[in-house]
Amino acid sequence: MNALLHYRTELDYADAPSSIVAELVGERLRGDPMTVSVKDLFKDFGTTAALNGVSLDIAGGELIALLGPSGSGKTTLLRLIAGLEFPTSGQIRFGEEDASAKSVRERNVGFVFQHYALFRHMTVYENIAFGLRVRPRATRPDEATIRKRVSTLLELIQLPGLERRYPTQLSGGQRQRVALARAIAVDPRVLLLDEPFGALDAKVRKELRRWLREIHDQTGHTTVFVTHDQEEALELADRVVVMNNGKIEQVGTADDIYDRPATPFVFDFIGDSSALPVTVDKGHVFLDDRVLAVDAKAQPDGPATLFFRPNHIELSSTGQESGALVGVVRAARRIGDVRRLELEAGLARHRFEIDVPIDANVNLHGRVAFRIVKSRLFPGQAAHSQASV
Amino acid sequence: MSDVSLTAPSLRAAATSRAEPTTEARPVRGLLIAITLIFLGVFLLFPLVVVFTEALGRGVFAYFSALADPDAVASIQLTLLVAAIAVPANLVFGVAAAWAVAKYEFRGKAFLITLIDLPFSVSPVISGLIYVVLFGAQGYLGPTLQSYGIQIIFAVPGIVLATIFVTFPFVARELIPLMQEQGTQEEEAAISLGASGWQTFWCVTLPNVKWGLMYGVLLCNARAMGEFGAVSVVSGKIRGETTTMPLHVEILYNDYQGTAAFAVASLLALLALVTLVVKTFLEWRFGDELSAARR
C-alpha cells in the first residue's frame, strides 16, 4: 500500500481476529441473543411525566437507536431498561422473563454512560476487570482467567498496552472504548449506551460509530443506544425509535423514517423539511387561493399541513403552469452542492426553504416559481420549527 | 555574567512600562505582604516561640520531669482516649452524612446541612452546658442514670460526648462538596456491573474521597485534642482523672507552675505543627487528585 495514502486513524479498526470474538462471546450469546420488550411504560418524576406509555419490541441481536430531542424521554427509557430507574407503571421483559421488578444488579446489562463513568482511581485493567472481581466467590473467575479476558477485551477495543494507564491519562475516545470493554466484560445480556459519542469531537465520533457497528456485528449483543444525532442514528442502527414528549413517534429503518415519516414531528425532526399551512377541499390543496399540484384525494377536507423536503421541488420557468407556487426570495445560502433559498409565499407570508441548483438564476427579493414534486400532507395545523442552521 | 547585568535593567524597564493590568502597583503589593508577615509574626509565630522557650527555660530536665508528672501523663492519656473515641465516631457519622447529602434527594436536606454546621456556630461553652443540663445531677436524665450507677458529667463519658459534639462537622464538611461534585455515575456504573452496595462503597466511593477524608479526620483530630471550652464545662477538673491536656495546662498555669504548664502546652503546639505539616502534604496530594478528577 502506498505509504502516503496509508493514513492511520486513531482507531485503526482492522478486523479483530475472529478468535477474539469466539473467546469473548460465550456460546450462550452467539446462539441466543436476548430479546427485550417494554409494554405501556410510564415514568413520572414528581409531577412531570418523562414517559407517557411506551411500548417497544426489540429483537435479539438488534442494534436500536433511541432518537429524539432533549427531554423526549429517550434516556429515561434506556435507564428503565437498565434498571437504573423503576417505572411508575408498565412492564419490561428480557426474553421470557419479567425483569420489571429486578434491580440493575440482577438484570445483567452492560451500561455505557455518556461521560464514561470510569473508576478514576483504577487503572484501565482494573476498570475492565471490576465486573468480574465483584462477583460472588462461587462464580468469580480466577486471576488467570480475568487477565486473559481483560487482555482479549483490550485487543478488541484496540488499546493493548494501555492497561496500566489511569482514565485521566486517556483521550475521550479511548475512555469511551474502555467504558465499552468494561460493560462487555461481564458478558451482559443487553448492551445499553447513553449518548455514547456525545462528548467526542466530530471526527473521533465518526470513527467510533463505525467501530461500534463492527463490535456489534462481531459480538451480536442486543444493543440499544441513545442519541440526539439523527445522522448517527440513521447510519448506525438497524431500527430507529424516534421519540418526542415521552412518546414514541415512529419505529422503523432509516428508509422508513426518512421516506415515510409517520407524523409531522418525524418529518420535521429528521432531515431538512419545509412546511406550509394549507387547506384541503374536495381533493385539492390550496395555499390561500392558489391550487397546488398535490394529490389529496384521500385527505379529509379542512386545514392541513403540507410537508416537503427542500430538494423535492423543480423550478418552473413561467410560474403560470397549474400547481406552481411563486415565492419571494428572502435569503439564500450555499449548502454543499446546492443553494438553499428562504422563500416567502402566500398572503400570510409563510416562510419555507427550497434547494435550487447553484447556477439557477435567482436574485434576492426576486421571485421564484416552482412545483413541489414530492410531499406529505398531515391533517391539522402542525407545529413546525423552521430549520435555521 | 556581564550579559546578564546588561540585559536585566532593560528587561525590568520593559516590565514596568507594561505593568500587568490585573495586578496592584509594586508599593501596594509590598505593603500588603508586609502587613501579612508582621501580623503572622506578632500573633502566631512569636507566641509559638514563647511556648517553647518558656517550656525549656529551666532546662531539658525540668521539661521532661514536668511531662513525667503522673497528672500530666494522665491528662495525655485521657486526651488520646477521647480523640480515639471521638474521631472514629465522627468519621462514621461524617461519611454517612456526606453520603446521604451528596447521593440522595430528600426533603429537609438543606436543613440537615445547616444542622451539621451547628457546632461551628455555637459557642463551645454552650455545647458543654447542653450536656450538663441533660446529664448533670439536677439534669433531665442525670438522676435516672445515676441510679444505675452511670456517671456522665464530671467523668470521661461527658468529655467524650462534648468533644464529639464540637468536632461533629469536620469530616462531613470536608466530604459533602467533594462527593457532590463527583456525582453518582461511578456508583451507578459499579452497580450495573454487578457490585453490591457494600462493594460499591469500599471499591468506588471510598477510594474516590480518601484524601478528602484524611484531611477531615486530621482537622477533626486536632480539634478533638485541643478542645477546651466544652470539655472544661463538663469535666469537673478532677486532677489525674478528668483533665485533658488543655485543661491540665490551665490548672498548672493557675498554680503558678509556669514551666510545667508550658511543657504540656508545647506538646499541644507540637501536635498543631505536625497537623499543619501533614495537612500541607495532604493538600498537595489531594489538590492533585481533585484536579485530576475534574480533568
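Residues numbered from 1 in each chain as written. Chains lettered and ligands numbered in written order. Predicted model: local features only at pLDDT ≥ 70, side-chain atom pairs only at ≥ 80, totals over all residues.

**Q** Mind laying out the overall build of chain A, listing which residues take part and the relevant values?
**A** Counting its secondary structure elements, chain A contains eleven helices and 20 strands. Excluding contacts between residues fewer than 6 apart, the proportion of contacts in chain A whose partners are at least 24 apart in sequence is 69%. (Helix = DSSP H or I, 4+ residues; strand = E, 2+ residues; numbered from the N terminus. Contact = placed C-beta atoms within 7 Å.)

**Q** Give a description of the overall build of chain B that names residues and reports values.
**A** Counting its regular elements, chain B contains 14 helices and zero strands. For chain B, the sequential pattern of α-helices and β-strands runs α-α-α-α-α-α-α-α-α-α-α-α-α-α. By the burial criterion, 34% of the 295 residues in chain B qualify as buried. (Buried ≥ 20, exposed ≤ 12 C-beta atoms within 10 Å, placed from the backbone.)

**Q** Which residues make up the domain arrangement of chain B, and what are the values?
**A** Residue and element names in this part refer to chain B. As assigned here, chain B comprises domain 1 (21–55) and domain 2 (60–294). Taking only C-alpha atoms, the centre of domain 1 and the centre of domain 2 are 30 Å apart. Residue-level contacts link five residues of domain 1 with eight residues of domain 2. A class-by-class count of the residues in the side of domain 1 that touches domain 2 yields four nonpolar, no polar and one charged. (Domains from an automatic or database assignment. Nonpolar A, V, L, I, M, F, W, Y, C, P; charged D, E, K, R; others polar.)

**Q** Tell me about the packing of helix α5 (residues 124–133) of chain A against helix α6 (residues 143–156) of chain A, and name the residues and values.
**A** Residues and elements named next belong to chain A. One can describe the packing of α5 onto α6 by two numbers: an axis separation of 10 Å at closest approach and a directional angle of 125 degrees. Classified by the angle their axes make, α5 and α6 are oblique. Crossing geometry of α5 relative to α6 is assigned as right-handed. Contacts between α5 and α6 involve Tyr125, Ile128, Ala129 and Leu132 on the former and, on the latter, Ile146, Arg149, Val150 and Leu153. Taken together, the residues that form the contact of α5 with α6 break down as seven nonpolar, no polar and one charged. (Axes fitted to C-alpha atoms, helices over the stretch in contact; angles between N-to-C directions. Parallel < 35°, antiparallel > 145°, perpendicular 65-115°, else oblique. Left-handed = near helix turned anticlockwise from the far one by under 90°.)

**Q** Quick one: what's the story with the nonpolar core, residue by residue and with numbers?
**A** Membership of the largest hydrophobic core comes to 106 residues, with the highest contact counts inside it found for Ala65, Ile81, Ala181, Leu192 and Val241 of chain A. It is helix α7 (residues 172–185) of chain A that contributes the most residues to this core, seven residues altogether. Judged by nonpolar contacts, the second largest core, of 58 residues, contains Ala83, Ala162, Val166 and Ile176 of chain B. (Core = buried A, V, L, I, M, F, W, Y, C linked by C-beta atoms within 7 Å.)

**Q** Quick rundown of the sheet that holds strand β11 (residues 274–281) of chain A? Include the residues and the values.
**A** Residues and elements named next belong to chain A. Taken in spatial order, the five strands make up an open sheet running β13-β12-β11-β14-β20, and their pairing is antiparallel. The open sheet has two edge strands, β13 (290–292) and β20 (376–379), and neither has a second partner. Here the strands of the sheet are splayed against their neighbours by 45 degrees on average, with no regard to which way each runs. As judged from the seven bridges shared by β11 and strand β14 (residues 302–308), these two strands associate in the antiparallel manner. Considered in β14, the bridge of Leu276 is made with Leu306. (Pairing = 2+ DSSP bridges.)

**Q** Can you lay out the sheet that holds strand β18 (residues 350–357) of chain A for me, pointing to particular residues and giving the numbers?
**A** Residue and element names in this part refer to chain A. Taken in spatial order, the five strands line up as β15-β19-β16-β17-β18 in an open sheet, and their pairing is antiparallel. Only two strands of the sheet have a single partner each, and these edge strands are β15 (313–315) and β18. Sheet twist, expressed as the mean angle between neighbouring strand axes with direction ignored, is 50 degrees.

**Q** Before we move on, could you go through the interface of chain B and chain A and cite the residues and values that matter?
**A** Counting from both sides, the interface comprises 16 residues of chain B and, opposite them, 19 residues of chain A. For the side of chain B that touches chain A, the elements supplying multiple residues, two or more each, are α10 (185–192), α11 (197–226) and α14 (258–294) of chain B. The greatest single-element share of the side of chain B that touches chain A, amounting to six residues, is contributed by α10 of chain B.

**Q** Help me get a handle on the environment of Ile358 of chain A, residues and values and all.
**A** Mapped onto the secondary structure, Ile358 of chain A falls in the loop between β18 and β19 (367–372). Counting along the chain gives 18 residues from Ile358 of chain A to Arg340 of chain A, while the straight-line C-alpha distance between them is 9.0 Å.

**Q** Which residues make up helix α9 (residues 169–182) of chain B, and what values do they have?
**A** Residue and element names in this part refer to chain B. In this model, α9 (14 residues) spans 20 Å end to end at C-alpha, consistent with the 20 Å of a helix rising 1.5 Å per residue. Of all the bends in α9, the largest measures some 25 degrees and sits at Ile176, one to four residues before the proline Pro177. Summarising burial for α9: ten of the 14 residues are buried, a large majority. For α9, the complete set of buried residues consists of Pro169, Phe170, Val171, Ala172, Glu174, Leu175, Ile176, Leu178, Met179 and Gln182. (Expected span 1.5 Å × (residues − 1). Bend = angle between axes of the 7 residues up to and from the residue.)

**Q** Let's hear about the confidence of the model for chain B: which residues, and what values?
**A** All names here are of chain B. Here chain B averages 83 in pLDDT, and 90% of its residues register 70 or above. The secondary-structure element of chain B with the lowest mean pLDDT is helix α1 (residues 2–17), recorded at 47, while α10 shows the highest, at 92. Counting contacts from residues 1–11, a segment whose pLDDT is below 50, to residues more than four positions away or on other chains yields zero contacts. (pLDDT = per-residue confidence, 0-100.)

**Q** Help me get a handle on helix α8 (residues 156–167) of chain B, residues and values and all.
**A** Residues and elements named next belong to chain B. Compared with the 16 Å implied by 1.5 Å per residue over twelve residues, the 16 Å span of α8 between its first and last C-alpha is a close match. The buried fraction of α8 amounts to ten of the twelve residues, a majority that puts the element mostly inside the structure. Restricting attention to buried positions, one finds in α8 the residues Gly158, Ile159, Val160, Leu161, Ala162, Thr163, Ile164, Phe165, Val166 and Thr167. Those residues of α8 hidden inside the fold are in contact with α4 (70–103), α5 (109–121), α6 (124–135), α9, α11 and α12 (229–235).

**Q** Mind laying out the confidence of the model for chain A, listing which residues take part and the relevant values?
**A** Residue and element names in this part refer to chain A. When pLDDT is averaged across chain A, the result is 85; 89% of the residues are at 70 or more. Low pLDDT, under 50, characterises residues 1–17; the predicted model gives this stretch 19 contacts beyond four residues in sequence or across chains. Segment residues 26–31 is flagged for pLDDT under 50; beyond a separation of four residues in sequence, or across chains, it makes six contacts in the model.

**Q** Which residues make up the pairing of strand β8 (residues 222–227) of chain A, and what values do they have?
**A** All names here are of chain A. Counting buried residues along β8, six of its six residues qualify, which places the element largely inside the surrounding structure. Of the two faces of β8, both are covered, the one formed by Thr222, Val224 and Val226 as well as the one formed by Thr223, Phe225 and Thr227. As paired elements, strand β3 (residues 63–67) and β8 share five bridges and run parallel to each other. By the bridge assignment for β8, Leu63 is matched with Thr223. Pairing analysis gives five bridges linking strand β7 (residues 190–194) to β8, with the strands arranged parallel. Considered in β8, the bridge of Leu193 is made with Phe225.

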